[in-house]
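One letter stands for each residue in the lines below.
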Amino acid sequence: MTDSIVGWELPLYYDTNEKRRHEFELPDHVDEPTAVGVEVLATRQDVGLHDGLVVTPVEIWGPSAPEFVQRVFTNDLDISPGQIRYTLLLDDDGQYMGDVIVNRLEQNRYFMLTAPSQADRQIERLRDIASEDVCIINQDDAYTCIGVFGPKAGKVVQPLTDTDMSRDSFPFFTSQQLEIAGVPVIANAVSYVGEFGWELWTRPGYEPRLWEALWESGQDHSILPFGYIALFSMSVEKGFTPYETNLDQTIDMVDPAHTPFEANLGHAIDLETDFAGKQALERVLDESSHRQLCCITMDDDRVLPDLEESVYVDGDEVGEVIRSDYGYTTRQNVVYAYLPSDHSDPETKVDVESDGRRYSGTVREEPLYDPDGERMIRDP
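For the structure given in this document, a descriptive report is provided here. (Residues numbered from 1 in each chain as written. Predicted model: local features only at pLDDT ≥ 70, side-chain atom pairs only at ≥ 80, totals over all residues. Heavy atoms only, no water.)

Here we take up the pattern of salt bridges. A complete count under the given rule lists 15 salt bridges for this structure. Between aspartate 46 and arginine 20 there is a salt bridge, with the nearest N and O atoms lying 3.2 Å from each other. Of this pair, aspartate 46 sits in the loop between α1 (34-45) and β3 (47-51) while arginine 20 sits in the loop between β2 (8-11) and α1; the two residues are 26 residues apart in sequence, bridging distant segments of the chain. A relative accessible area of 4% means that aspartate 46 is categorised as buried. (Salt bridge = Lys/Arg side-chain N within 4 Å of Asp/Glu carboxyl O. Helix = DSSP H or I, 4+ residues; strand = E, 2+ residues; numbered from the N terminus. Buried < 20%, exposed > 50% of the residue type's maximum accessible area, 1.4 Å probe, protein only.)

Here it is as structure tokens:
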């Protein structure tokens, strides 16, 4: 089944995957189609193939590009070609404008990956700051991406390339320009689903050939395609929350009312470097933080509150649901909400409203799945 997501027609799930339902213990109380659970659990167990990742690539290049990216993003971008950083873009008031991945492709060329809903204003911001010898261009029409993830992803990709795809030779959060089945790709060792694998960026005309080669190579490894509902289910289990938070983009995970630190994004900020908006951000940080983005699991796994439902502590309304997904691996209904700091500790009990009733939930330490990230970082 497909749907229009930020203007693109993309797969929500694949009906044909229901034929593998007998291989997995699937919940019988989830409203989503059985195929979604199959896609999640099969990707965790074997290997999944995802087409049309909703990410906008932006290229930044020019003689002054290294100095530019270092001063405009919040993390330390003094990296070598082939390295990747997760970082933030702020406005002059120190307010969040989006979380992005920046890949240094060459000495003076960078590949920024961002949410389509944020791309236009981010590009405008970058161009306002950039010097005349730095070029910034939206490459939405110039690239497309196929994701291959799961413990058997290496067995699918390795026979199609001469490049050593092991984590020893191709570490997590690095990038290489290589060929897979004769198709030129930018391969990024990153994973929004929390599994071993790669995002493979190529030109649109090459995409069918790349997909077919991966699909054929995966036939002996139980490969299957997965859609956007499975993608979001896997990402919520990993605590990957700010980026692309819900399909219709109606609720921001981080807005001007919240600092990046309240949104658990402090790891993307290096206060030892100078970046645009830093002084304003530091002024805000001098004030005490009052709220924190929290992961909450519902005590009754049959109850999944909708977005904007109220969250209560001791009978007082303290927040609202801003993300809501079922985790098929952890077998829990998961919601996210900003809570007062004195109610944000793990194991804090809360009540969450759903269809006019209140149900108990518990604040959890995140991520819920693979907390040390071993499945992404190490060879399976």
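Right, let's talk about the pairing of strand β12 (residues 197-202) for a bit. Burial analysis of β12 places six of its six residues in the buried class, which makes it a mostly covered element. A two-sided burial pattern is seen for β12, the buried positions comprising Gly197, Glu199 and Trp201 on one face and Trp198, Leu200 and Thr202 on the other. The pairing of strand β9 (residues 144-149) with β12 spans six bridges and is classified as antiparallel. Residue pairing in the sheet places cysteine 145 in a bridge with tryptophan 201 of β12. Bridge count between strand β11 (residues 183-188) and β12: three bridges; the pairing is antiparallel. Bridge pairing in β12 places alanine 187 opposite leucine 200. (Pairing = 2+ DSSP bridges.)

Here we come to the sheet that holds strand β15 (residues 310-313). A barrel is described by the order of its strands in space; here six strands give the closed sequence β14-β17-β16-β15-β18-β19, paired in antiparallel fashion. Strand-to-strand twist across the sheet, computed as the mean angle between neighbouring axes with direction ignored, equals 40 degrees. Inspection of the sheet shows strand β14 (residues 291-298) paired to strand β19 (residues 357-364) by four bridges, in the antiparallel sense. Across the sheet, the residue bridging to cysteine 295 is arginine 364, located in β19. Its contacts with the sheet put helix α6 (residues 228-237) on β16 (316-327) and β17 (332-340), and the angle it makes with β16 is roughly 125 degrees. (Axes fitted to C-alpha atoms, helices over the stretch in contact; angles between N-to-C directions. Contact = heavy atoms within 4.5 Å.)

Attention now moves to the nonpolar core. Counting 55 residues, the largest nonpolar core has Phe111, Trp201, Phe226, Tyr228, Leu231, Tyr328 and Tyr336 as its most contacted members. Take this core: its biggest share by element is seven residues, from α6. The next biggest cluster of nonpolar side chains, apart from the first, holds 23 residues, and it includes Val156, Val157, Val183 and Trp211. (Core = buried A, V, L, I, M, F, W, Y, C linked by side-chain atoms within 4.5 Å.)

Moving on, we come to the packing of aromatic side chains. Under the defined criterion, the tally for this structure stands at eight aromatic pairs. With 5.0 Å between their ring centres and 70 degrees between their planes, phenylalanine 111 and tyrosine 143 make a pair best called edge-to-face. Linking phenylalanine 111 in strand β7 (residues 109-114) with tyrosine 143 in the loop between β8 (135-138) and β9, this pair joins segments that are 32 residues apart in sequence. Assessed through its relative accessible area of 0%, phenylalanine 111 is described here as buried. (Phe/Tyr/Trp six-rings, centres within 6.5 Å; stacked < 30°, edge-to-face > 60°.)

Quick look at helix α5 (residues 207-217) now. Looking at α5, one finds that the buried residues are Glu207, Leu210, Trp211, Ala213, Leu214 and Ser217. Buried residues in α5, looked at end-on, bunch into an arc of 165 degrees, giving them a common side. Opposite the packed face of α5, turned more than 90 degrees from it, sit the exposed residues Glu212 and Glu216. (Arc of directions from axis to C-beta.)

The subject of this paragraph is the packing of α1 against α6. Where α1 meets α6, the axes come as close as 8 Å, and the angle between the chain directions of the two elements is 55 degrees. Taken together, α1 and α6 sit at an angle that is classed as oblique. Helix-helix and strand crossings are classified by hand; for α1 and α6 the assignment is right-handed. In contact with Val36, Glu39, Val40, Thr43 and Arg44 of α1, α6 contributes Ile229, Ala230, Ser233, Met234 and Glu237. Residue composition of the contact of α1 with α6, grouped by class: five nonpolar, two polar and three charged. (Parallel < 35°, antiparallel > 145°, perpendicular 65-115°, else oblique. Left-handed = near helix turned anticlockwise from the far one by under 90°. Nonpolar A, V, L, I, M, F, W, Y, C, P; charged D, E, K, R; others polar.)

Here α6 lies mainly inside the structure; ten of its ten residues are buried. Within α6 the residues assigned to the buried category are Tyr228, Ile229, Ala230, Leu231, Phe232, Ser233, Met234, Ser235, Val236 and Glu237. With its phi angle positive at about 75 degrees, glycine 239 sits one or two positions after the end of α6.

Looking at the element boundaries, aspartate 76 is found in the loop between α2 (65-72) and β5 (84-90). On the accessibility criterion, aspartate 76 (25% relative accessible area) is partly exposed. Between the C-alpha atoms of aspartate 76 and glutamate 272, which are 196 residues apart in sequence, the distance is 8.4 Å.

Another aspect to go through is the sheet that holds β9. The strands making up a sheet are joined through hydrogen bonds of the backbone, oriented either antiparallel or parallel. Strand order in the open sheet formed by six strands is β10-β11-β12-β9-β3-β13, with mixed pairing between adjacent strands. The sheet terminates laterally at β10 (175-180) and β13 (223-225), the two strands that pair on one side only. Geometrically, the sheet is characterised by an average inter-axis angle of 25 degrees between neighbouring strands, direction not taken into account.

The topology assignment puts threonine 348 in the loop between β17 and β18 (349-354). Since its relative accessible area comes to 18%, threonine 348 is described here as buried.

With that settled, consider unusual backbone geometry. Glutamate 366 connects to proline 367 through a cis peptide bond whose omega is 0 degrees. Of note, proline 367 is situated in the loop between β19 and α8 (374-377). Unlike most non-glycine residues, alanine 181 shows phi in positive territory, near 55 degrees. Along the polypeptide, alanine 181 turns up in the loop between β10 and β11. By relative accessible area, alanine 181 is classed as partly exposed at 25%. Residues other than glycine seldom take positive phi values, yet glutamate 347 does so here, at roughly 80 degrees. If you trace the backbone, glutamate 347 turns up in the loop between β17 and β18.

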